[in-house]
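Here is what each chain is made of, one letter per residue.
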Amino acid sequence: MGPLYLSLNEAGLMVKGHTGLEEADFILLETYENGRTHSVDVKTFETLFGGAERNPTYESLSGTHTFKLGDTKYTMTADEMGYQKYFDQWKEQGLFKF
């Protein structure tokens, strides 16, 4: 597990869950008042933010990312994908401490 995942795990933001086919690691993004949660599985996170394992800085995650889903290639910012607010929260919480 890389430094970002270790920081997230220490903060209680890494959880085990099921994708429907197998057990997987998930990053807990948000917990709502009704107790429901919003999360992303690590495999999907790494597809969207390929450099997260090699260069897991706030700046690298906040930038523009190119990824492929199926046969289609996309280029989007973290804000366009809806993840920037989580990266901002992680930065405020001091989770980019490596």
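One can find the structure itself at the top, above this paragraph.
Residues numbered from 1 in each chain as written. Predicted model: local features only at pLDDT ≥ 70, side-chain atom pairs only at ≥ 80, totals over all residues. Heavy atoms only, no water.

Asker: Honestly, the nonpolar core in this entry has me stumped. Any pointers?
Answerer: Most often, soluble globular proteins keep nonpolar side chains buried together rather than apart. In terms of nonpolar packing, the biggest core is built from 24 residues, with Leu8, Ile27, Phe45, Phe49, Tyr83, Phe87 and Trp90 touching the most fellow members. Taken together, the elements giving at least two residues each to this core come down to helix H1 (3–10), strand E2 (23–31), helix H2 (42–48), helix H3 (58–62), helix H4 (78–81) and helix H5 (84–92). Not counting chain neighbours up to four residues away, the residues in contact with Phe49 comprise Leu61, His65, Ala78, Met81, Tyr83 and Phe87. (Core = buried A, V, L, I, M, F, W, Y, C linked by side-chain atoms within 4.5 Å. Buried < 20%, exposed > 50% of the residue type's maximum accessible area, 1.4 Å probe, protein only. Helix = DSSP H or I, 4+ residues; strand = E, 2+ residues; numbered from the N terminus. Contact = heavy atoms within 4.5 Å.)

Asker: Just to check I follow, could you spell out the environment of Glu80 for this structure?
Answerer: Among the structural elements, Glu80 can be located in helix H4. On the basis of relative accessible area, Glu80 is assigned to the exposed category, the value being 53%. In this structure the C-alpha to C-alpha distance between Glu80 and His18, which are 62 residues apart in sequence, comes to 27 Å. Engagement of the side chain of Glu80 in a polar contact is seen with the backbone nitrogen of Thr77, the distance being 2.7 Å. (Polar contact = N/O pair within 3.5 Å; in protein donor to acceptor, adjacent residues only side chain to side chain.)

Asker: Would you mind showing me how to read the packing of aromatic side chains here?
Answerer: Here the distance between the centres and the angle between the planes together describe a pair of aromatic rings. Considering all chains together, one arrives at 12 aromatic pairs under this definition. Ring plane angle 40° and centroid distance 5.0 Å describe the contact between Phe45 and Phe49, whose orientation is recorded as tilted. Grouping residues by exposure puts Phe45 and Phe49 together as buried. When the ring of Phe87 is compared with that of Trp90, the centres are 5.3 Å apart and the planes differ by 55°; the resulting orientation is tilted. With Phe87 and Trp90 both in helix H5, this residue pair falls 3 residues apart, about one helical turn. In this structure Phe87 comes out as buried when scored by relative accessible area, which is 0%. Among the aromatic residues, those joined into a ring-pair cluster are Phe45, Phe49, Tyr58, Tyr83, Tyr86, Phe87, Trp90 and Phe96. Geometry around Tyr58 places Lys91 over its ring, the cationic atom sitting 4.3 Å from the centre. (Phe/Tyr/Trp six-rings, centres within 6.5 Å; stacked < 30°, edge-to-face > 60°. Lys NZ or Arg CZ within 6 Å of the ring centre and 35° of its normal.)

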